[in-house]
Amino acid sequence: MLIDTLNNVLLDVLKELGNIGSGNAATALATIINRKIDMDVPQVKILEFKEVSNILGDSEKPVVGIYFGMEGDIEGNMMFILDLQSAKNLVNMLYGSSNDDRDLNDMDISALSEVGNIISSSYINSLSALTGLTLKITIPSVCIDMAGAILSVPAVQFGQMGDHVIFIETQFEEDNNKITGDLFLIPEISSFDKLLKSLGVVQ
Amino acid sequence: MKVIKVGMADYKTTKSPGILVTLGLGSCVGIALYDRNTKIAGLAHIMLPSSLEIKNNSNKAKFADTAINELIKEMISLGATKRNIVAKLAGGSQMFSFSSKNDILRIGERNVQASKNGILEHKIPIISEDTGGNFGRTIELNSQDGSLLIKTIGHGIKTI
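About the criteria used
Residue indices begin from 1 for each chain and proceed along its sequence in written order. Chain A is the first chain written and ligand 1 is the first ligand written, with later ones labelled in order. In keeping with the model being predicted, local features are shown solely for residues with a pLDDT of at least 70 and side-chain atom pairs are shown and tallied solely at 80 or more, while totals for entire chains, interfaces and linings include all residues. The side-chain numbers reported here are obtained from all heavy atoms of the structure, hydrogens and water having been left aside. UniProt positions are given in the numbering used here, feature names are shortened, and annotations may be inferred rather than shown by experiment. Helix axes use the C-alpha atoms of the stretch in contact, all axes being lines fitted to C-alpha atoms, and the angles between their N-to-C directions lie in the range 0 to 180 degrees. Helix and strand definitions here come from DSSP, where helices need a minimum of 4 consecutive H or I residues and strands a minimum of 2 consecutive E residues; each element is numbered from the N-terminal end. Here is the rule for angles: anything less than 35 degrees is roughly parallel, anything more than 145 is roughly antiparallel, 65 through 115 is roughly perpendicular, and the remaining ranges are oblique. Two residues qualify as a contact provided that any one of their heavy atoms is within 4.5 Å of a heavy atom in the partner residue. For this classification, the nonpolar set comprises Ala, Val, Leu, Ile, Met, Phe, Trp, Tyr, Cys and Pro, the charged set comprises Asp, Glu, Lys and Arg, and every other residue, Gly included, is treated as polar. Any pair of Phe, Tyr and Trp rings, taking the six-membered ring for Trp, is counted once the centres come within 6.5 Å. Such a pair is stacked with planes under 30 degrees apart, edge-to-face with planes over 60 apart, and tilted for the rest. The buried label goes to any residue with under 20% of its type's maximum accessible area, the exposed label to any with over 50%, and the partly exposed label to all in between, with areas taken from a 1.4 Å probe on protein chains only. Just to be clear on terms, a salt bridge is a Lys or Arg side-chain nitrogen sitting within 4 Å of an Asp or Glu carboxyl oxygen. Within this scheme, the nonpolar core is defined by two criteria: the residues are buried Ala, Val, Leu, Ile, Met, Phe, Trp, Tyr or Cys, and they are joined through side-chain atoms within 4.5 Å. A helix's residues, less one, multiplied by 1.5 Å, set its expected span. Polar contact is the term for a pair of N or O atoms within 3.5 Å; when the atoms are in protein, one must be able to donate a hydrogen and the other to accept it, and sequence-neighboring residues count only if both atoms are side-chain atoms.

An unreviewed UniProt entry annotates chain B as Probable chemoreceptor glutamine deamidase CheD originating from Gottschalkia purinilytica. Regarding chain B, the relevant UniProt record gives this comment under Function (unreviewed entry): "Probably deamidates glutamine residues to glutamate on methyl-accepting chemotaxis receptors (MCPs), playing an important role in chemotaxis." For chain B, the Catalytic activity (unreviewed entry) comment in UniProt is given as "L-glutaminyl-[protein] + H2O = L-glutamyl-[protein] + NH4(+)".

For chain A, the name recorded in an unreviewed UniProt entry is CheY-P phosphatase CheC, with Gottschalkia purinilytica as its organism.

Quick look at the structure:
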C-alpha cells in the first residue's frame with residue numbers, strides 16, 4: 001500500500017481522527033489554562049514533496065517542531081509543528097501573559113514540549129480508541145529551525161513509502177491567541193499496513 | 001539574475017547567469033555540481049541515500065544515486081564536460097536528537113555518505129562541503145563562479 005494511492009476512506013478516517021484528537025486536545029488545554037478554547041474543524045492534507053516546505057508559508061521561517069517516537073502495536077513517529085508566532089501565543093496562553101516580543105527561553109521550550117505532549121497524546125489516544133491498538137508516545141525532542149529543515153524529517157520518513165506526505169492541520173483559539181499547528185503521524189513501513197487494516201481502510 | 005528554486009526531491013540546472021536555490025535543507029543533502037569552463041551549474045536536493053532500498057523509486061530526484069546520474073546527464077546535454085565538473089555538498093544534519101533504535105533519524109549522515117560515493121563513482125572531485133550538525137541550511141549555487149552560499153538560523157552565513 002502506497003500513500004500515493006490512498007483512497008477517500010482513509011482521508012475520512014483521518015479526518016475523524018483529527019476531529020476527536022483535536023477535540024480532546026482542546027479540552028485538555030482548556031483544563032490546564034482554565035479558559036475556554038475554540039477549535040476549528042481540522043483539515044487533512046496530502047502534499048507532494050515539492051510543496052512540503054511551503055506548508056507553513058515560508059520554508060526559511062523559524063518554526064518549532066516537537067517530535068515523538070510512537071511505540072506499542074505500531075512503531076513510528078509523530079511530529080507537531082507550530083510557527084513561531086503560534087508557539088509564542090501558546091506560551092502566553094499557558095502563562096496568562098501577552099508578551100508578543102518574547103524570545104523563547106528554556107522554560108518556554110519545556111512548556112511547549114509539555115503541550116506538544118498533551119496534544120500528541122490526545123491524538124494517539126483517539127487513534128488507540130479508533131483502532132483498538134495499544135499505543136504510547138516517548139518523551140519529546142524539540143527543535144527550533146527553518147520550516148523546510150524541520151518538515152524534511154517527516155517528509156524523509158514518508159519518502160520511504162511514496163511521494164507524498166499526509167498531515168492534519170489544527171487550529172485552536174483562546175481570545176485573540178490563535179494557534180495553528182500541523183500534526184504528522186508517521187508509521188514505519190512495517191507498521192503502515194497494520195495501521196491501515198486497523199483503521200478499516202484496507203482488508 | 002534569474003533565481004531558480006529547487007524543491008525537495010527535485011533537481012535543476014542552469015547556464016550562467018543564474019542562481020539555483022534550495023531552501024531549508026535538513027537531513028536532505030544539496031548536491032551542487034559546476035562546470036568551471038562552461039559555467040553550467042546543477043543542484044539536486046536528495047532525500048534518501050539509495051533507490052535500491054526502496055520499492056517505489058520512480059522519482060529519480062529523490063535518491064542520491066539516481067539524482068546524481070540524472071543531474072550529470074542534464075548538465076552534459078546543456079554542454080558541460082564531465083571532467084570539468086566539480087562538486088560541493090551541504091546539508092545532511094540531524095534535526096532531532098533521539099535515543100531511537102530507528103536509524104531513519106540518522107538519515108542525514110547516510111545521505112552525505114551516499115552522495116559522496118555517487119559523486120566519486122563519476123570521478124568528480126568534491127572540493128568543499130558543509131554537512132552534519134543539527135541545524136537547517138538554505139543554499140544558493142551561483143553559476144557565474146560556482147560559489148555556494150550557505151545560510152542558517154543561528155549558525156551564521158558562509159560561502160564554500
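Let's pick the thread back up.
Undergrad: Sorry if this is basic, but what is going on with the packing of helix α3 (residues 84-95) of chain A against helix α4 (residues 106-131) of chain A here?
TA: Residues and elements named next belong to chain A. Taken N-terminus to C-terminus, the directions of α3 and α4 make an angle of 90°; their axes are 10 Å apart at the nearest point. For the element pair α3 / α4, the angle class is roughly perpendicular. For the pair α3 and α4, the contacting residues are Ala 87, Leu 90, Val 91, Leu 94 and Tyr 95 in the first and Met 107, Asp 108, Ala 111, Leu 112 and Val 115 in the second. Here the residues of the contact of α3 with α4 are counted per class, giving nine nonpolar, no polar and one charged.

Undergrad: Quick question: what am I supposed to make of the packing of aromatic side chains here?
TA: Each aromatic ring pair is described using two quantities: the centre-to-centre distance and the angle formed by the ring planes. Applying the stated criterion to the full structure yields two aromatic pairs over all chains. Summarising the aromatic geometry, the rings of Tyr 67 of chain A and Phe 96 of chain B are spaced 4.7 Å apart at their centres and angled 20° between planes, so their arrangement reads as stacked. Pair noted here: Tyr 67 of chain A is in strand β3 (residues 62-72) and Phe 96 of chain B is in the loop between β6 (85-91) and α2 (107-121), and the two residues belong to different chains. Residue classification places Tyr 67 of chain A among the buried positions, given a relative accessible area of 0%. Phe 96 of chain B sits in the buried class, given a relative accessible area of 1%.

Undergrad: When you look at the environment of Ile 76 of chain B in this model, what are you seeing that I'm missing?
TA: Residues and elements named next belong to chain B. Note that Ile 76 resides in helix α1 (residues 64-78). The class of Ile 76 is partly exposed, set by a relative accessible area of 41%. In the structure, Ile 76 is positioned 41 residues away from Asp 35 in sequence and 9.5 Å away in space, judged by C-alpha atoms.

Undergrad: Looking at this model, I keep getting lost on the interface of chain A and chain B. Mind explaining?
TA: Frequently, the measure chosen for interface size is the accessible area removed from exposure when the parts meet. Counting residues at the interface gives 37 residues for chain A, matched by 33 residues for chain B. Taken together, chain A and chain B are joined by zero salt bridges. At nine residues, helix α5 (residues 147-159) of chain A tops the list of elements feeding residues into the side of chain A that touches chain B. Here the side of chain A that touches chain B is composed, by residue class, of 18 nonpolar, twelve polar and seven charged.

Undergrad: Which parts of the structure should I look at to understand the nonpolar core?
TA: Side chains that are nonpolar tend, in soluble globular proteins, to be buried together. Judged by nonpolar contacts, the single largest core of 92 residues is most densely connected at Met 78, Val 165 and Phe 184 of chain A together with Met 47 of chain B. The greatest single-element share of this core, amounting to nine residues, is contributed by helix α1 (residues 8-33) of chain A. In this structure Val 165 of chain A touches Lys 45, Ile 46, Leu 47, Phe 49, Val 52, Ala 155, Phe 158 and Phe 184 of chain A, once residues within four positions along its chain are discounted. Among the nonpolar cores identified, the runner-up in size contains 22 residues, and Ile 46, Ala 67, Leu 71 and Ala 87 of chain B belong to it.

Undergrad: Looking at this structure, how should I read α3 of chain A?
TA: One turn of an α-helix holds 3.6 residues; hence residues three or four places apart share an orientation. All names here are of chain A. Taking 1.5 Å per residue, twelve residues should reach 16 Å; α3 reaches 17 Å between its end C-alpha atoms and fits that length. Those residues of α3 that are buried lie in contact with α1, β3, β4 (76-83), α4, β7 (164-174) and β8 (177-187). The backbone nitrogen of Gln 85 has a side-chain oxygen 3.1 Å away, supplied by the residue at the start of α3, namely Asp 83. Downstream of α3 by one or two residues, Gly 96 has phi in the positive range, about 65°.

Undergrad: So what exactly am I meant to see when it comes to the UniProt feature "domain: CheC-like protein" (unreviewed entry) in chain A here?
TA: Under the local residue numbering, the UniProt record ascribes the feature "domain: CheC-like protein" (unreviewed entry) to residues 11-46 of chain A. For residues 11-46 of chain A, the helix share is 64%, the strand share is 17%, and the end-to-end C-alpha distance is 9 Å.

Undergrad: Before we go on, may I ask you to explain the pattern of salt bridges in this structure?
TA: As a working rule, side chains carrying opposite charge can pair if their charged atoms are close by. All names here are of chain B. Throughout the structure, instances matching the rule amount to nine salt bridges over all chains. Across the salt bridge formed by Lys 73 and Glu 70, the nearest N and O atoms sit 3.2 Å from each other. Taken together, the residues Lys 73 and Glu 70, both in helix α1 and three residues apart, mark about one turn of the helix. For Glu 70, a relative accessible area of 17% puts it in the buried group. Connected through salt bridges with shared partners, the residues Asp 130, Arg 137 and Lys 158 form a single ionic network.

Undergrad: Is there a simple way to explain unusual backbone geometry in this structure?
TA: Most peptide bonds take the trans configuration, and most residues that are not glycine carry a negative phi. Residue and element names in this part refer to chain B. Along the chain, Ser 16 connects to Pro 17 via a cis peptide bond; the corresponding omega equals 0°. Relative to the elements of secondary structure, Pro 17 occurs in the loop between β2 (10-15) and β3 (19-25). One non-glycine residue, Ala 9, lies in the positive phi region at around 55°. Among the structural elements, Ala 9 can be located in the loop between β1 (3-5) and β2. Within the chain, Lys 39 stands out as a residue other than glycine whose phi angle is a positive 55°. As for its placement among the helices and strands, Lys 39 is situated in the loop between β4 (29-35) and β5 (40-46). A relative accessible area of 36% places Lys 39 in the partly exposed class.

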